[in-house]
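One-letter residues, chain by chain:
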Amino acid sequence: MIRTILWDIDGTLLSFAEAERAAIKASFLAFGLGACDDAMVARYSALNASYWERLELGELTKPQVLRGRFEEFFQAEGVSCGDIDAFNADYQLRLGDTIRYNDDSLALVESLRGRVRQYAVTNGTVVAQEKKLTKSGLGELFDGVFISDRVGYEKPSPLFFERVFEAIGPCDRDEVMIVGDSLTSDIRGGENAGIQTCWYNPADRENDKGVRVDHIIRDLRELPALLERL
């Protein structure tokens, strides 16, 4: 029986793609860099994802990710930005402006209150994630929120999850499940922590990372039925 759910935020409960697109377009205009068209957004998105994966592999630090992705992107696009750190700070704030729930996630989290304990576990920045959680209304529904910048470690590190378990108190790890869209962050992290994993995979992607996946859902609204079976 699952008594505790660890929820990923970006790409799971909330659409990160839409927030990312809106934020970078707005920051380009705010910094006088011209329009960032959809093709540029797609190239940035792929580059950004590669930087976060390198973070999860321990190849980069968070500051290296936040600055390096824009350094490489601006250079590749021939864009001159005089203050990359200021651009990133503006972008982080704007990431919290666009809220789109995946699969009625707000109603789902609300419906599970009292049935299971629910916690947010995210590698996003404090500025972006706190704004998202407040604006979306999700933050007030969780029993706790764990943001990697405050925890001191990133998913999938076992140390991230050790800090989570220290904070939430004694529990049987067989009764804990992480739900997330990232194989390299959420699912590998759950595997490292010795808890059950539920891969949110709406695009029916292949598991090409060699990660153990206990359960797969393509729509978040499948979760209550899964919980009933477990």
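Each remark here, short or long, concerns the structure printed above.
Because the structure is predicted, anything quoted here is derived from the model rather than measured.

I would appreciate a short explanation of the overall build of the protein in the present structure.
In terms of helices and strands, the protein carries 10 helices and six strands. Once the C-alpha set of the protein is aligned to its principal axes, its extents read approximately 55 × 35 × 35 Å. Per-residue burial over the protein gives 50% buried out of 230 residues. Across the protein, contacts joining residues at least 24 apart in sequence account for 64% of those joining residues at least 6 apart.

In this structure, what is going on with the sheet that holds strand β1 (residues 4-7)? I would like to understand it.
Through backbone hydrogen bonds, the strands of a sheet pair up, either in parallel or in antiparallel fashion. Taken together, the six strands give an open sheet; going across it, the order is β3-β2-β1-β4-β5-β6, and neighbouring strands pair in parallel fashion. Because the sheet does not close on itself, it has two edges, and the strands there are β3 (144-147) and β6 (215-217). In this sheet, neighbouring strand axes are inclined to one another by 20° on average, regardless of whether the strands run parallel or antiparallel. Bridge analysis of β1 against strand β4 (residues 176-180) gives four bridges, and the strand direction is parallel. Bridge assignment links W7 to a residue of β4, and that residue is V179. Here helix α5 (residues 105-112) sits on the sheet in contact with β1 and β2 (117-122), set at roughly 155° to β1.

Even after reading the chapter, I still don't get the pairing of β1, so can you show me in this structure?
Going residue by residue along β1, you find T4 and L6 tucked away on one face and I5 and W7 tucked away on the opposite face as well. Bridge analysis of β1 against β2 gives four bridges, and the strand direction is parallel. Residue I5 lies in a different strand from β2, and its bridge partner there is Q118.

So what exactly am I meant to see when it comes to helix α2 (residues 38-56) here?
Within an α-helix, residues lying three or four positions from one another point in the same direction, as the helix has 3.6 residues per turn. Between its first and last C-alpha atoms α2 spans 27 Å; for 19 residues at 1.5 Å apiece the expected length is 27 Å, and the two agree. Within α2, burial applies to M40, V41, Y44, L47, N48, Y51, W52, L55 and E56. Where the residues of α2 are buried, they touch α1 (16-30), α3 (62-77), α4 (84-95) and α9 (183-193). Here α2 starts with a cap whose side-chain oxygen sits 3.1 Å from the backbone nitrogen of A39, and that cap is D37. Downstream of α2 by one or two residues, G58 has phi in the positive range, about 80°.

Quick question: what am I supposed to make of the side chain of D8 here?
Relative to the helices and strands, D8 resides in the loop between β1 and α1. On the basis of relative accessible area, D8 is assigned to the buried category, the value being 6%. At 3.1 Å, the side chain of D8 forms a polar contact with the side chain of K155. In contact with D8, not counting residues within four places along its chain, are L13, V121, K155, V179, G180, D181 and D186.

I tried to follow the state of the cysteines on my own but got confused; where do I start?
Any covalent bond linking the sulfur atoms of two cysteines counts as a disulfide. A complete count under the given rule lists zero disulfides for this structure. In this structure C36 is not part of a disulfide, and its nearest cysteine sulfur, from C81, lies 12 Å away. The buried category is assigned to C36, whose relative accessible area is 4%. We note that C171 lacks a disulfide partner, and the nearest cysteine sulfur, in C198, lies 18 Å from it.

Explain the nonpolar core to me, please; I cannot follow it from the model alone.
Across soluble globular proteins, nonpolar side chains show a tendency to be buried alongside one another. Of all hydrophobic cores here, the largest spans 26 residues; its most connected members are I24, F28, F70, F73, F74 and F87. Mapped onto this core, the elements with two or more residues apiece are α1, α2, α3 and α4. Per-element accounting of this core gives the leading share, seven residues, to α2. Other than its neighbours up to four places away in sequence, F74 contacts F28, L33, V79, C81, I84 and F87.

Even after reading the chapter, I still don't get unusual backbone geometry, so can you show me in this structure?
Among all residues except glycine, the phi angle is most often negative; among peptide bonds, the trans geometry is most common. Along the chain, K155 connects to P156 via a cis peptide bond; the corresponding omega equals 15°. With a phi angle near 55°, D104 is a residue other than glycine that sits in the positive phi range. Relative to the elements of secondary structure, D104 occurs in the loop between α4 and α5. A residue is classified by how much of its surface remains accessible, and D104, at 46% relative accessible area, is partly exposed. In this structure, D204 takes a positive phi of about 55° despite not being glycine. In this fold, D204 is placed in the loop between β5 (196-200) and β6.

Thresholds applied
Residues numbered from 1 in each chain as written. Predicted model: local features only at pLDDT ≥ 70, side-chain atom pairs only at ≥ 80, totals over all residues. Heavy atoms only, no water. Helix = DSSP H or I, 4+ residues; strand = E, 2+ residues; numbered from the N terminus. Buried < 20%, exposed > 50% of the residue type's maximum accessible area, 1.4 Å probe, protein only. Contact = heavy atoms within 4.5 Å. Pairing = 2+ DSSP bridges. Axes fitted to C-alpha atoms, helices over the stretch in contact; angles between N-to-C directions. Expected span 1.5 Å × (residues − 1). Polar contact = N/O pair within 3.5 Å; in protein donor to acceptor, adjacent residues only side chain to side chain. Disulfide = S-S within 2.5 Å. Core = buried A, V, L, I, M, F, W, Y, C linked by side-chain atoms within 4.5 Å.

These figures come from the coordinates and say nothing about function on their own.
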